[in-house]
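This is what each chain is made of:
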Amino acid sequence: MDLTRLPQPLAALLVALSLLPAPLAALAAGPLYFEFALVEDFEQGGESLFFEGQKGERVFMVTAGRYQLDAGRSVISASSTIPVIDPAARLSTTLELISPRESDSPPLYGLILERAREEEGVSLVGCGISGGRAVVFELDGPGERPEMVAEGAEVKEPYGPVRLTLAYFPDRLLCYVDGELAVRAPLPPYRPKGVGMFVAGGGVLAADDLVLQKPVFRAMDLTTDFSDLREEAKRWFVGRAGNAVYALREEGYVINTMSARRPAVAMPEGGAADLSLSASLRYLDGDPSVGFGLFIRARSDRQGRMSYLRVLINDLSGVVVQLHTPKGEKNLWGWEISKLYREGEENRLRVEVFGRNLYVSLNGQRVAALSLPEDLTIQPGRFGIIVFPGTKVAVSHFAVQVHDPAILPSGGGEP
């Protein structure tokens, strides 16, 4: 049996199922790595998540492959945001200030975080450039006058183009200019509501190649038999996504992909490189040749393309280990028919990975031991359950034990 007959998986794994916010203990420890959540190229005629239209004298539009905030004829600042609820994230884009208007105050543009504060309602805090320097600024609300909070490094190209990055955490904001930390400021308690771009009145701002990254925190050991449905509903996605249905039932966590076009994935919070992962899986209905099982080390690139390892079984007693990358899919082991598979019953699938060594066990006995390709980079990633379209599977037990010796660096983050 060949996995290539199955649809291409996980086009946007981490975007589609961003589940619970990380626990406070994980926030204190810092992210394991940042994952690409949104890449916006602002292609002409494409659907943008950012507002396009006119508000008073301000115009928001996509033109020549860039998103423009035109406040050139207005004294009111222009801002455009998309919703976020994550306690930490970072937004990057290439900005250029076009035809700044001469005035008593220097032009100001940058990236903003929209936040909700109990005492003051909604306010904005930004990472920007003004007077030739990187700055952190605040506004009481959209259209209000900005107030400078902190001033940092000098910027060589004060009108751009410049690559600006705003990174926010529960207690601080960091501003990077062309990849270098330029200024930082503390933040009082707040709830994030949105992120986006800002330009003061009189300016026209063009943005290109926008990237939103969200942190993946170090996974914690977890064992569950899905007996406490109310508690598990806080950890596992319940509902419909991509025409797949996720539900907590007496038989466990049920994933129904009978009407889905893409594989369904379910994952607890956190990531890891080395781990032991197991699940008790039972085929309920559908095409018996369809694969279901576990995935590990899942990561996305700037285009949202996934790389990950997966171990699948099906109700024809097949077992396979496969590598998926943006370049394609490759069978590392199998499909092999295993006498250990119990048709019509639960099957306990276990995957253990340590560096380049990967082991697979079925119902308590090892069925595969292999070395991963030398050119495969060992990186932490998400993990969980995967079910391909055309079947219905119940999971009655799930367990993970993380073996990473230490939290890995986030790759150019905060010093």
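All figures in this text were calculated on a predicted structure; none of them were measured in a lab.

Caption draft 1: How the structure looks around the packing of aromatic side chains. All told, the structure shown has 12 aromatic pairs when counted by the stated rule. Arranged with centres 5.6 Å apart and planes meeting at 45°, the rings of F50 and Y67 form a pair that is tilted. Of the two residues, F50 sits in the loop between β1 (31–40) and β2 (53–55) while Y67 sits in strand β4 (residues 66–70), which places them 17 residues apart along the sequence. For F50, a relative accessible area of 3% corresponds to the buried category. Taking the relative accessible area as the measure of exposure, Y67 reaches 0% and is therefore buried. One aromatic cluster in this structure is built from F226, W236, F237, Y246, Y253 and F398. The ring centre of F34 lies 3.9 Å from the NZ or CZ of R90, which sits over that ring. For the cation-ring pair, R299 lies above Y33, with the distance from its terminal atom to the ring centre recorded as 4.1 Å.

Caption draft 2: Seen up close, the pattern of salt bridges. Counted under the stated rule, the structure contains 15 salt bridges. Here R350 makes a salt bridge to E352, at a shortest N to O gap of 3.8 Å. For E352, a relative accessible area of 15% puts it in the buried group. Between E374 and R356 there is a salt bridge, and its shortest N-O distance comes to 3.8 Å. Of this pair, E374 sits in the loop between β28 (365–371) and β29 (382–387) while R356 is found in the loop between β26 (347–354) and β27 (357–362), placing the two residues 18 residues apart along the sequence. For E374, a relative accessible area of 65% puts it in the exposed group. Overall, the relative accessible area of 24% leaves R356 in the partly exposed class.

Caption draft 3: Structural view of the side chain of T224. Relative to the elements of secondary structure, T224 occurs in strand β16 (residues 222–224). Of the residues examined, T224 reaches a relative accessible area of 4% and is grouped as buried. Within the local environment of T224, its side chain forms a polar contact with the backbone nitrogen of F226, the two atoms lying 3.1 Å apart. Here the side chain of T224 touches E232 through a polar contact of 2.8 Å, side chain to side chain. If sequence neighbours within four positions are ignored, T224 has contacts with E232, W236, S396, H397 and F398.

Caption draft 4: Spotlight on the state of the cysteines. Evaluated as defined, the whole model comprises 1 disulfide. Put simply, C127 and C175 are joined by a disulfide, and their sulfur atoms are 2.1 Å apart. The sign of the 60° torsion about the S-S bond sets the C127-C175 disulfide as right-handed. You can see C127 sitting in strand β8 (residues 121–130) and its partner C175 sitting in strand β12 (residues 172–177), a full 48 residues away along the chain. Per residue, the accessibility class of C127 equals that of C175, and both read buried.

Caption draft 5: How the structure looks around the layout of surface pockets. Considered as a void within the structure, the largest pocket measures approximately 540 Å³ in volume. If you go around the largest pocket, you meet 19 residues; those closest to its centre are S307, L323, T325, L376 and T377. When residues of the lining of the largest pocket are traced back to their parent elements, those giving at least two are β22 (292–300), β23 (306–313), β24 (318–325) and β25 (328–337). Counted by class, the lining of the largest pocket contains 6 nonpolar, 6 polar and 7 charged residues.

Conventions and cut-offs
Residues numbered from 1 in each chain as written. Predicted model: local features only at pLDDT ≥ 70, side-chain atom pairs only at ≥ 80, totals over all residues. Heavy atoms only, no water. Phe/Tyr/Trp six-rings, centres within 6.5 Å; stacked < 30°, edge-to-face > 60°. Helix = DSSP H or I, 4+ residues; strand = E, 2+ residues; numbered from the N terminus. Buried < 20%, exposed > 50% of the residue type's maximum accessible area, 1.4 Å probe, protein only. Lys NZ or Arg CZ within 6 Å of the ring centre and 35° of its normal. Salt bridge = Lys/Arg side-chain N within 4 Å of Asp/Glu carboxyl O. Polar contact = N/O pair within 3.5 Å; in protein donor to acceptor, adjacent residues only side chain to side chain. Contact = heavy atoms within 4.5 Å. Disulfide = S-S within 2.5 Å. 1 Å grid on protein atoms, 1.4 Å probe; cavity = no way out; pocket = protein on both sides within 12 Å on 5 of 7 lines; lining within 4 Å. Points joined across faces, edges and corners; volume = space filled by probe spheres on them. Nonpolar A, V, L, I, M, F, W, Y, C, P; charged D, E, K, R; others polar.

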